[in-house]
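Residue strings, one per chain:
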Amino acid sequence: MGSGPGGSAAADVLTAAGWSVVIFEKGRNHLLDLADPSRLKGDYSNDEIKFTVRHFLGPDPFLEPRTFRRNQSDGDHAFVGDVNNVPSTVGGGGVHADGKLPRFREDDFHMHSEHGPIDAAALADWPLTYDDLEPFYAEAERLVGVAGDAGANPFAAPRSGPYPMPPGAPMYGATLSAGAAQRLGYHPYPAPTGANSVPYGGRPACNNCGFCAFYGCPIHAKGDPLAPLQRALLTGRAELRPETFVSKINVNNGMATGVDYVDTHGATHTETARHVVLAAGAVETPRLLLLSGLEHPLIGRHLMFHFQTLAMAGLRERVHPHRGRSVTHVHDDHLVPDERSQRAAHDAGLPWFRGGMVEHCGASAPIQEAKLYPWGNAHARSMRESPLRERMWGFTMQGEDLPQWTNRVDLDPTVRDVRGFPVARITYDSHRFELAASAHYGERLTEILHGMDAEWTVTTTSPDASFPYGDFISPIPQSKHVMGTARMGADPSTSVVDPYGRLHDVPNIVVADSSVFVTSSGYGPTLTLVALALRAARALAGGETPPAIE
Amino acid sequence: MPHLFFADDDYAVIEAACERLIPGATDAGVADYIDGLLGAFSTEPPRIWAGGPFSGRHGGDAGFASFIPLTRMDELAWRTRIEGSGGIPEREFNGPVVGLQERYCEGIAALRGDFTTRDPDEQDARLHSHPDFTALLYEHACEGMYGAPEYGGNRSSSGWRAIDFEGDVQPLGYTDAEVSRP
Ligand SMILES: Cc1cc2nc3c(=O)[nH]c(=O)nc-3n(C[C@H](O)[C@H](O)[C@H](O)COP(=O)(O)OP(=O)(O)OC[C@H]3O[C@@H](n4cnc5c(N)ncnc54)[C@H](O)[C@@H]3O)c2cc1C
Ligand code: SF4
């Protein structure tokens, strides 16, 4: 289920091992020619209307809404519509991510024992270590095609080899912000990015078109899940079925027997299977488990997003943020607690906190910019002077979000999708940890911006519960990094899946997406979820011996 | 060019209102963008998603000009969004939906037929007194001004030229030097 980064990595491994695989994908196929997978489609384009206004890559929030509330006092739900939608299309979110693909650090896998518990948070160690995952990280980087500089980040965990490609061209704005950060003692480095800096895997080098995050790549230079899907299909052992919605995993006597799915004409069918790999993304995966009647009390719980701190500066000069991949530089300093952050944490009544990876970024889209200015005579001047696009640059910190029992995905009691199934309801509110860390690191980021000769600076966060629903900033997190809703662990009473992604209760269902994350770290989840999917699929196919299925 | 949705008088009101929201909107054909959206289903394929991968403005074939066919589901979503649910059960699985066409008809009626002949201050006052419709119109005006010309607005890329934006640049892209230098 799901043809995104997780599902396609699993399909690649399983078909290579000689398995027959059917890939169900509820979205449309705009990626490759199913009759001849070596041929690519030409539907992606540099088109702001199509991709950011008109839901080209799905899901359409009318057909497939989600609902949101902060807590039970909001009633059944406070908002219905687009809640953190990631594309629903062949290739999933891999298609329009701009693909910063860092690895986690060693301590990310044992934050609980390293730093200690935090009140009202379900902090726990992962049932595996960085060393367990390192070979799969290396494989994931080769599979997707990651460009980066192995020696550039002093905080990085050890690697068994270099990146498959060198980094691409730095954006001008990033050269300014990286310089300012360095002057304050921080360590910016070229973002490890899933976009080809040189021809790789039969795909061309990125030509810096700038329509990157939120768009499919017109020349297929992005490390979207094309490579694994193509390889899986070319074995002749995989069948990809777009526009098919899996509505239920059938379970008999504690084992999955296959799935029910709704085809493009609305007809329901059953497919039998010996194993079910679930990679529908960390919102749809728990939804499907719940729709299937699975009852583990932790399914859907411990939902995490990254808590975004946005610090932006108005600059005197134009920095053309519309040229280049959306982000070319990042820094990790705020992921490592230091004396200053310890003091701020204690002042906030917390034993410790930390932030996340900081992306050096601007705003590139003129329609989005135009809608921010008031209408009237001043509009044309605002657009020409462009204080909110051409002359703005800054940072987005993807702050660590603690797992909380109350933050969850469940089934909405009243709202249905177009096929008549209950939609996912998200109940989510921030912990003091994220708020205090954001306040502290927001100030640090602003200090850097002042070193860029800023005319003005502003910080904001997402989520921010003081804004109304429907606005760009609102109580709904903007971050597309979604994790934790089928957490991994050795103990069935405190986790949903085992260390190989297999459901404790139904061991021939394997979860191969970021639902299994135990903590969120402050790094984008995609490379880690692909590494975990490779590991889980390899275990399934017998390459790495998993514990026996009871 | 005949309009796809608006009657001539209504088109004129929308054109005049957009000009108040974004000076230059008339020359850029912003009202055509809105007319193209509301009348999207009068062509086949409907004018919802322009094709790809290139527009032809910076090399390659003019793929944007061929709109992408919709699936049954896509059509359901976009017809409902544009035409409203109109009591059709298939469109009302979460309740009735007011369509864009109806919102525009009501908005135009609220701005009144003599809108085009009023002085700018009076026009602005009428826009201010209908904030919900004006917000919708402004959203669409921004899209028509700065979106790809194939959707009917941004005529001859005039919206992009006014802000020195190159627009879609594939397959040319930008050189590394253009990315990294001031
Ligand atoms: C604009 C943007 C930028 C991003 N940038 C980054 C980044 O820089 N770094 C990073 O690490 N991550 C980034 N992400 C997040 C990244 O896209 C996700 O982490 C990743 O796509 C998750 O992969 P997945 O395979 O688990 O799920 P998805 O990519 O969500 O794929 C799941 C697929 O399953 C399908 N599906 C769901 N339910 C069903 C069902 N019932 N039946 C059939 N099919 C179903 C969906 O249609 C979808 O195609 C970004 C996302 C976006 C949107
Ligand atoms: S910036 Fe590069 S990778 Fe991104 S869409 Fe453009 S060409 Fe593709």
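Below or above, wherever it landed, is the structure these notes cover. Since this is a predicted model, take the numbers as computed values, not measurements. (Residues numbered from 1 in each chain as written. Chains lettered and ligands numbered in written order. Predicted model: local features only at pLDDT ≥ 70, side-chain atom pairs only at ≥ 80, totals over all residues. Heavy atoms only, no water.)

What follows covers the overall build of chain B. Along its length, chain B carries nine helices and zero strands. Helices (α) and strands (β) of chain B occur, in sequence order from the N terminus, as α-α-α-α-α-α-α-α-α. Across its three principal directions, the C-alpha atoms of chain B cover 50 × 45 × 30 Å. Per-residue burial over chain B gives 51% buried out of 182 residues. (Helix = DSSP H or I, 4+ residues; strand = E, 2+ residues; numbered from the N terminus. Buried < 20%, exposed > 50% of the residue type's maximum accessible area, 1.4 Å probe, protein only.)

Next up on the list: the overall build of chain A. When its secondary structure is counted, chain A shows 12 helices and 19 strands. Against the compact-globule benchmark of 24 Å for 550 residues, chain A has a radius of gyration of 22 Å, which places it among compact chains. Going through the 550 residues of chain A one by one, you find that 63% of them count as buried. Put simply, chain A shows about 18400 Å² of open surface, and 51% of that area lies on carbon and sulfur atoms. One finds the centroid of the 47 positive side-chain charges in chain A at a distance of 5 Å from the centroid of its 62 negative side-chain charges. (Rg over C-alpha atoms; globule rule 2.2 N^0.38 Å. Areas by Shrake-Rupley, 256 points an atom, 1.4 Å probe, with all protein chains shown as cover. Lys, Arg positive; Asp, Glu negative; His and termini not counted. Charge placed at Lys NZ, Arg CZ, Asp CG, Glu CD.)

By definition, a disulfide links two cysteine residues through a covalent bond between their sulfur atoms. Residue and element names in this part refer to chain B. Within this structure, the stated rule accounts for zero disulfides over all chains. Unpaired in this structure, C18 has its nearest cysteine sulfur neighbour in C142, at a distance of 9.6 Å. Using a relative accessible area of 1% as the deciding quantity, one classes C18 as buried. (Disulfide = S-S within 2.5 Å.)

All names here are of chain A. Not every one of the 34 residues close to ligand 1 is listed here, only the nearest: E25, S88, G93, H96 and T526. At a separation of 2.7 Å, an oxygen atom of ligand 1 approaches a polar backbone atom of G93. V246 is positioned such that a nitrogen or oxygen atom in its backbone is 3.0 Å from a nitrogen atom of ligand 1. Mapped by element, the contributors of at least two residues to the shell around ligand 1 are α1 (5-16), β6 (245-252) and α12 (526-540). Taken together, the residues of the shell around ligand 1 sort by class into 12 nonpolar, 15 polar and seven charged. (Near = heavy atom within 4 Å. Polar contact = N/O pair within 3.5 Å; in protein donor to acceptor, adjacent residues only side chain to side chain. Nonpolar A, V, L, I, M, F, W, Y, C, P; charged D, E, K, R; others polar.)

Opposite the 62 residues of chain B that make contact, chain A presents 57 residues. Between chain B and chain A, the buried area comes to about 5000 Å², and carbon and sulfur atoms account for 60% of it. Of all residues in chain B, the largest losses of buried area upon contact with chain A belong to F93, Q170 and V179 of chain B, amounting jointly to 13% of the total for that side. Linking chain B with chain A are five salt bridges. Here chain B is connected to chain A by 31 residue pairs in polar contact (both at pLDDT 80 or more). Taken together, the elements giving at least two residues each to the side of chain B that touches chain A come down to α1 (8-21), α3 (30-38), α4 (72-83), α6 (120-128), α7 (131-146) and α9 (176-180) of chain B. Here the side of chain B that touches chain A takes eight residues from α4 of chain B, the largest share from any one element. Of the residues belonging to the side of chain B that touches chain A, the class tally is 35 nonpolar, 13 polar and 14 charged. (Contact = heavy atoms within 4.5 Å. Buried area = accessible area lost by both parts, 1.4 Å probe. Salt bridge = Lys/Arg side-chain N within 4 Å of Asp/Glu carboxyl O.)

In the vicinity of ligand 2 there are 13 residues, among which C206, C209, F211, C212 and C217 of chain A approach most closely. The environment of ligand 2 is shared, with nearby residues belonging to chains A and B. Its residues assigned to classes, the shell around ligand 2 comprises seven nonpolar, four polar and two charged.

Let us look at the packing of α1 of chain B against α6 of chain B. Describing two packed helices takes the angle between their axes plus the distance from one axis to the other. Residues and elements named next belong to chain B. Where α1 contacts α6, the axes come no closer than 10 Å and their chain directions differ by 95°. If you check the angle between α1 and α6, you find them roughly perpendicular. Residues A16, A17, R20 and L21 of α1 touch α6, and the partners they reach there are P120, Q123, D124 and L127. Across the contact of α1 with α6, the residue classes tally to five nonpolar, one polar and two charged. (Axes fitted to C-alpha atoms, helices over the stretch in contact; angles between N-to-C directions. Parallel < 35°, antiparallel > 145°, perpendicular 65-115°, else oblique.)

Let's shift gears to the sheet that holds strand β2 (residues 66-69) of chain A. Residue and element names in this part refer to chain A. Read across the sheet, four strands follow the order β3-β2-β16-β15 without closing on themselves; strand pairing throughout is mixed. Both edges of this open sheet fall to β3 (79-81) and β15 (408-416), since each of them pairs with a single strand only. Between one strand axis and the next, the sheet turns by 30° as a mean value, whatever way the strands run. The sheet contact formed by β2 and strand β16 (residues 422-427) spans three bridges and is parallel. Within the sheet, the bridge partner assigned to R69 lies in β16 and is T427. Relative to β15, helix α7 (residues 284-291) is tilted by about 65°, and along the sheet it contacts β2, β15 and β16. (Pairing = 2+ DSSP bridges.)

On to the pattern of salt bridges, then. Between side chains of opposite charge, a pair can form as their charged atoms come close. Inspection of the entire model under this criterion finds 44 salt bridges over all chains. Note that E284 of chain A and R66 of chain A form a salt bridge whose closest N and O atoms lie 3.0 Å from each other. Residue E284 of chain A is located in helix α7, and its partner R66 of chain A is located in strand β2; the two are separated by 218 residues in the primary sequence. One exposure class covers both E284 of chain A and R66 of chain A, and it is buried. The closest approach of N and O atoms between E83 of chain B and R79 of chain B, which form a salt bridge, is 2.6 Å. Here the residue E83 of chain B and the residue R79 of chain B both occupy positions in helix α4, the gap between them amounting to four residues, near one helical turn. Given a relative accessible area of 24%, R79 of chain B falls into the partly exposed group.

Given a rise of 1.5 Å per residue, 12 residues ought to cover 16 Å, and the 17 Å separating the end C-alpha atoms of helix α5 (residues 172-183) of chain A matches this to within 8%. Next to the buried residues of α5 of chain A lie β12 (329-331), β13 (356-361), β14 (392-399) and α11 (432-450) of chain A together with α9 of chain B. (Expected span 1.5 Å × (residues − 1).)

As a further point, take the sheet that holds β6 of chain A. Residues and elements named next belong to chain A. Judged by pairing direction, the sheet is antiparallel, and its three strands sit side by side in the order β6-β7-β8 without closing on themselves. The open sheet has two edge strands, β6 and β8 (268-272), and neither has a second partner. Each adjacent strand pair in this sheet contributes to an overall mean axis angle of 25°, direction not counted. Relative to β8, strand β7 (residues 255-262) runs antiparallel, the two sharing five bridges. Bridged to V259 within β8 is E271.

Okay, the pairing of β8 of chain A next. Remember that side chains alternate between the two faces of the sheet whenever the strand is regular. Burial analysis of β8 of chain A places just zero of its five residues in the buried class, which makes it a mostly uncovered element. Count of turn residues in the β7 of chain A/β8 of chain A antiparallel hairpin: five residues, of which G266 of chain A carries a positive phi of about 95°.

Residue and element names in this part refer to chain A. Note that the residue after G58, namely P59, is joined by a cis bond; omega there is -10°. With an omega of 5°, the peptide bond between S462 and P463 qualifies as cis. Here P463 lies in the loop between β17 (456-462) and β18 (482-483). Unusually for a residue other than glycine, H320 sits at a positive phi of about 35°. Summarising the element assignment, H320 is placed in the loop between β11 (307-314) and β12. Exposure remark for H320: the relative accessible area of 6% places this residue in the buried category.

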